[in-house]
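If you want the building blocks of each chain, they are given just below.
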Amino acid sequence: MACHLILGAGGFVARHVATLLAMRGESVRLAARSATPVIDTMLARGMTAVFGDLRDADWGALLQGVDVVHHYAWSTVPSTADRDPLGDIDGNVRPTLALLEAMRARGGGRVLFASSGGTVYGHLRQIPVSEDQPVEPVSIYGVGKATIERYLSVYKNQHNIDARIARLSNPFGVGQSLAGNQGAATLFLHQSMANDPIHIFGDGSVVRDYVHIADAADALVALATLALPPEAPHVFNIGTGVGVSLNEILIVLERCLDRKINIRRVAGRAYDVPINVLDVRRARQWLGWSPQLNFEEGMLRAISDLRIGTGTMSSLNAVRPQ
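Everything numeric here is computed off the predicted structure, so don't read it as measured data.

Visitor: It is not clear to me how the sheet that holds strand β2 (residues 27-32) should be interpreted in this structure. Could you clarify?
Guide: Where strands meet in a sheet, backbone hydrogen bonds hold them as pairs that are either parallel or antiparallel. Read from one edge of the open sheet, 7 strands run β3-β2-β1-β4-β5-β6-β11, paired in parallel fashion. The open sheet has two edge strands, β3 (48-51) and β11 (235-238), and neither has a second partner. If you compare each strand with its neighbour and ignore which way they point, the axes differ by 20° on average. In this sheet, strand β4 (residues 68-71) lies alongside strand β1 (residues 3-7) in parallel orientation, the contact comprising 4 bridges. Pairing of His4 across the sheet is with Val68, part of β4.

Visitor: Looking at this structure, how should I read the pairing of strand β6 (residues 161-168)?
Guide: Burial analysis of β6 places 7 of its 8 residues in the buried class, which makes it a mostly covered element. As paired strands, strand β5 (residues 109-116) and β6 are joined by 8 bridges and run parallel to one another. Bridge pairing in β6 places Phe113 opposite Ile165. Crossover connection from β5 via helix α6 (residues 140-159) to parallel β6: handedness right-handed. Bridge count between β6 and β11: 4 bridges; the pairing is parallel. Paired with Leu168 across the bridge in β11 is Ile238.

Visitor: Explanation requested: the layout of surface pockets in the structure shown.
Guide: Once rolled over the atoms, a probe with the size of a water molecule shows which space is left empty. Approximately 160 Å³ is the volume found for the second largest pocket. Residue lining of the second largest pocket: Glu131, Gln133, Pro134, Val135, Ala146, Glu149, Arg150, Ser153, Ile165, Arg167, His234 and Val235, and that is the complete set. For the lining of the second largest pocket, the elements supplying multiple residues, two or more each, are α6 and β6. Of the residues belonging to the lining of the second largest pocket, the class tally is 5 nonpolar, 3 polar and 4 charged.

Visitor: Help me understand the pattern of salt bridges in this model?
Guide: Once the charged atoms of two side chains with opposite charge are near each other, the side chains can pair. Within the structure shown, the criterion is met by 13 salt bridges. For Arg110, the salt bridge goes to Asp162, with nearest N and O atoms at 2.9 Å. With a gap of 52 residues between them, Arg110 in strand β5 and Asp162 in strand β6 connect regions that are remote in the sequence. With a shortest N-O distance of 2.6 Å, Arg167 and Glu149 are connected by a salt bridge.

Visitor: Looking at this structure, how should I read the nonpolar core?
Guide: One broad rule of soluble globular proteins: the nonpolar side chains tend to lie buried together. Counting 47 residues, the largest nonpolar core has Ile6, Val13, Val17, Leu30, Tyr72, Ile238 and Leu287 as its most contacted members. Elements that contribute at least two residues to this core include exactly α1 (12-23), β2, α2 (37-43), β5, β6, α8 (213-225), β11 and α10 (281-287). Sort the elements by how many residues they give to this core and α8 lands first, with 9 residues. With near-sequence residues (within four places) excluded, Val17 lies in contact with His70, Tyr72, Ala217, Leu220 and Val221.

Visitor: Help me understand the environment of Leu62, please; the structure alone is not making it clear to me.
Guide: Its place among the elements puts Leu62 in helix α3 (residues 59-62). Spatially, the C-alpha atom of Leu62 lies 25 Å from that of Asp218, the residues being 156 residues apart in sequence. Those residues in contact with Leu62, other than ones at most four positions away along the chain, are Leu5, Arg29, Val50, Leu54 and Ala57.

Visitor: What should I look at first to understand helix α9 (residues 246-257) in this one?
Guide: Think of an α-helix as turning once every 3.6 residues; residues three or four places apart then point the same way. With 12 residues, α9 should cover 16 Å at 1.5 Å per step; its first-to-last C-alpha distance of 17 Å lies within 8% of that length. Within α9, the full set of buried residues consists of Leu246, Ile249, Leu250, Val252, Leu253, Glu254, Cys256 and Leu257. Considering only its buried residues, α9 is in contact with α7 (184-193), β8 (198-201), β10 (210-212), β12 (244-245), β13 (263-266) and α11 (295-308). Of the residues trailing α9, Asp258 is marked for its positive phi of about 60°.

Visitor: Explanation requested: the packing of aromatic side chains in the structure shown.
Guide: Under the defined criterion, the tally for this structure stands at 4 aromatic pairs. Ring centres 6.1 Å apart and planes at 50° place the aromatic pair Trp74 and Phe113 in the tilted group. Here Phe113 lies in strand β5 and Trp74 lies in the loop between β4 and α4 (78-83), a separation of 39 residues in the sequence. Taking relative accessible area as the criterion, Trp74 reaches 17% and is therefore assigned buried. Between Phe172 and Phe295, the aromatic rings sit 5.3 Å apart at their centres with planes inclined by 50°, giving tilted as the arrangement. On the criterion of sequence distance, the pair formed by Phe172 in strand β7 (residues 170-172) and Phe295 in helix α11 is long-range, its members being 123 residues apart.

Visitor: So what exactly am I meant to see when it comes to the pairing of β4 here?
Guide: Residues Val68 and His70 of β4 are buried on one face, and the alternating residues Val69 and His71, pointing to the opposite face, are buried as well. Taken together, the 4 bridges between β4 and β5 define a ladder with parallel strand orientation. From the neighbouring strand, Val68 faces β5, where its bridge partner is Arg110.

Cut-offs applied
- Residues numbered from 1 in each chain as written.
- Predicted model: local features only at pLDDT ≥ 70, side-chain atom pairs only at ≥ 80, totals over all residues.
- Heavy atoms only, no water.
- Pairing = 2+ DSSP bridges.
- Helix = DSSP H or I, 4+ residues; strand = E, 2+ residues; numbered from the N terminus.
- Axes fitted to C-alpha atoms, helices over the stretch in contact; angles between N-to-C directions.
- Buried < 20%, exposed > 50% of the residue type's maximum accessible area, 1.4 Å probe, protein only.
- Right-handed = clockwise from strand over helix to strand, strands pointing away.
- 1 Å grid on protein atoms, 1.4 Å probe; cavity = no way out; pocket = protein on both sides within 12 Å on 5 of 7 lines; lining within 4 Å.
- Points joined across faces, edges and corners; volume = space filled by probe spheres on them.
- Nonpolar A, V, L, I, M, F, W, Y, C, P; charged D, E, K, R; others polar.
- Salt bridge = Lys/Arg side-chain N within 4 Å of Asp/Glu carboxyl O.
- Core = buried A, V, L, I, M, F, W, Y, C linked by side-chain atoms within 4.5 Å.
- Contact = heavy atoms within 4.5 Å.
- Expected span 1.5 Å × (residues − 1).
- Phe/Tyr/Trp six-rings, centres within 6.5 Å; stacked < 30°, edge-to-face > 60°.

Printed below as a string of structure tokens:
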């Protein structure tokens, strides 16, 4: 049984990974800014927790007895990072460097970083995009993620740190935060079920790779726990390999809900690249993982979770037992 430290434990992806690890019998230590009902539910499942701002973290104490660090903590979304680039560095890059320095001081260890497959590549040279394309982000948010990727590679090569990078596409499902207008699939789902109008940026042709949170959690747990051989790569795309446009999300929702949806169109956003779809063959080869739910199946599952559950709390049921 390994000890896993989950940074940003109250977040959407982190809590699913933590729950899945606990279900597998792993020891899970949560690190979050403060207690929340979701954290309380996780503590009731046998996990432990520490609270505080990672900018002031005592990394030596946090890392004591830890085998794997999961880095899901991120203080910005694309819009807020664009408004405050220095805040993005102070809130995300600096704490990560402090973590890596603490890991170097103790002699190494494993760290899994949740990067952004949707932003680090920038404009795609091929579709779907493989991990071999150079990262050329066109947003401040993507620059921050790519910067940490670079630091991780340096610390891996020079300081005995088993750094693993998951370039995650667009996870969706019940329990995802609706703040910051991130996660179009989840946002549109909630708005359509509440009979609220859905605002579409531009003409709705922007394409993204949406992966259900249960599949994403499976992949991240595999990446965190597998003993990879020395020749294995350390960067993995985690998505579906299938693109879905904003307009197609609406078509699927109307089919799943069996009714028309109120749509309003607004101006497009400068930092949205037209298309982003990830090639996930590397994850299939090295992790033995592939997504089990296509977009419509994932949306049907999310609708069911939302109808029978209580919002964020019910999202913990989306994790598949192993």
